[in-house]
Amino acid sequence: MTILGAAIIGCGAIAPLHAKAIAAQSGGQLLAAVDIDVAKAAVFGEEYGCGALTDYKELLNRSDIDIVHLCTPHDLHAQMAVDLLQAGKHVLTEKPMAVDLPSAQRMLKAAEHSKGQLGIVFQNRYNEPSIKIKETIESGVLGPLVCMKGVVTWYRSPEYYKESNWRGKWTSEGGGVLINQTIHTLDLLQWFGGEISSVQGSVSTDVLDGVIEVEDTAHACINFRNKVRGLFYGSNAYLVNSPVELEIVFEQGTLLLRRDCLYLWKDGRETLLSEPGVSGIQDKSYWGTGHQRLIHDFYDHVREGRPFWIDGSEGLKTLELIAGIYSSSGIEKKTHPWQTAPSN
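Predicted, not measured: the structure shown is a model, and the values here were computed from it.

Caption draft 1: Focus on helix 2 (residues 38-48). Those residues of helix 2 not exposed but buried are Ala-41, Phe-44 and Gly-45. Projection of helix 2 onto a plane perpendicular to its axis shows the buried side chains occupying an angular sector of 100°, all on one side. Away from its buried face by more than 90 degrees, helix 2 exposes Ala-39, Val-43, Glu-46 and Glu-47. The secondary structure elements touched by the buried residues of helix 2 are strand 1 (4-9), helix 1 (15-23), strand 2 (28-34) and strand 3 (51-53). In the segment just after helix 2, Gly-49 is the residue with positive phi, at about 65°.

Caption draft 2: The packing of helix 8 (residues 183-193) against helix 10 (residues 312-327), seen in detail. Contact geometry for helix 8 and helix 10: axes closest at 9 Å, N-to-C directions at 105°. In terms of orientation, helix 8 and helix 10 fall into the roughly perpendicular class. Contact with helix 8, carried on its side by Ile-183, Leu-186, Asp-187, Gln-190 and Trp-191, involves Glu-314, Lys-317, Thr-318, Leu-321, Ile-322 and Ile-325 of helix 10 and no other residues of that element. Taken together, the residues of the contact of helix 8 with helix 10 break down into six nonpolar, two polar and three charged.

Caption draft 3: Local environment of the side chain of His-77. Residue placement: His-77 occurs in helix 3 (residues 77-86). The exposure class assigned to His-77 is buried, which follows from its relative accessible area of 0%. Among the polar contacts made by the side chain of His-77, one reaches the main-chain carbonyl oxygen of Pro-96 at a distance of 2.6 Å. Excluding its chain neighbours within four sequence positions, the residues that come into contact with His-77 are Leu-70, Thr-72, Thr-93, Glu-94, Lys-95, Pro-96, Met-97 and Met-107.

About the thresholds
Residues numbered from 1 in each chain as written. Predicted model: local features only at pLDDT ≥ 70, side-chain atom pairs only at ≥ 80, totals over all residues. Heavy atoms only, no water. Buried < 20%, exposed > 50% of the residue type's maximum accessible area, 1.4 Å probe, protein only. Helix = DSSP H or I, 4+ residues; strand = E, 2+ residues; numbered from the N terminus. Arc of directions from axis to C-beta. Contact = heavy atoms within 4.5 Å. Axes fitted to C-alpha atoms, helices over the stretch in contact; angles between N-to-C directions. Parallel < 35°, antiparallel > 145°, perpendicular 65-115°, else oblique. Nonpolar A, V, L, I, M, F, W, Y, C, P; charged D, E, K, R; others polar. Polar contact = N/O pair within 3.5 Å; in protein donor to acceptor, adjacent residues only side chain to side chain.

Here it is, written out as structure tokens:
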């Protein structure tokens, strides 16, 4: 088996999950960790047995680096991805792929002209309930899809934002609860529903006003071209991180995701279809358990020369949905980068 050399840029909260996923497969080897914080890079490198760097551009000409994982603040994704793709590297970036649509388009263009692939980390597509829901939609076993709803109620404290100065700001985070915490649920809704015809949304800052510039709460009505309707609610204003709730209604039954268990409601009876997945590398239960499966799948696609299915165009679809919610919410353009943002 070909061993793919890997590097991780950004040694923050999500990076250990990527490092452990790389180590858990036989076809990848972590060779470098990059962070502008010298001490953080050194500690990470020592823990995971790899070199430590402070400048990601040192990766560009290294022939031993095949895949680069972007675990940096959101606003750094686009330029790093463009540089790496132009150098022929494969890039796997954490969500969101970028903080505005022009930057995302630059990434897609760079990927089109690169021998490297661009992959987006939407790991919840790999959760068993998500796969079962998608299969049920495509098989038609419960009849046509009618409507859907997704609910995310989590907690982010003022300290969470104060500990990292890039969070809670339009220019660096790209938004609030929509683009950070609930983006995975929005991605699932658009993946299930297909092409979107219209979006009407509203955002507010209910409890973190004065702490963040962006929203901590949002809701939306999403209309799909196939006449399916999706309702969405997400908030960081709760006091616990509750499991994501999904309801997928068909003409002949309903699928419900509650506490990571998938149930079928049909003919007056509820049946358990799947229970929570188990991952030995998972740090936080509400992140889902799909990171390792997604990362291994990306490596398999790269090794075999097959296009990865969650690519830049897939990432752009969810970013466009978020942009639609922001655009319809009445935020002033002068403070809203989705309207006037430069392309980095």
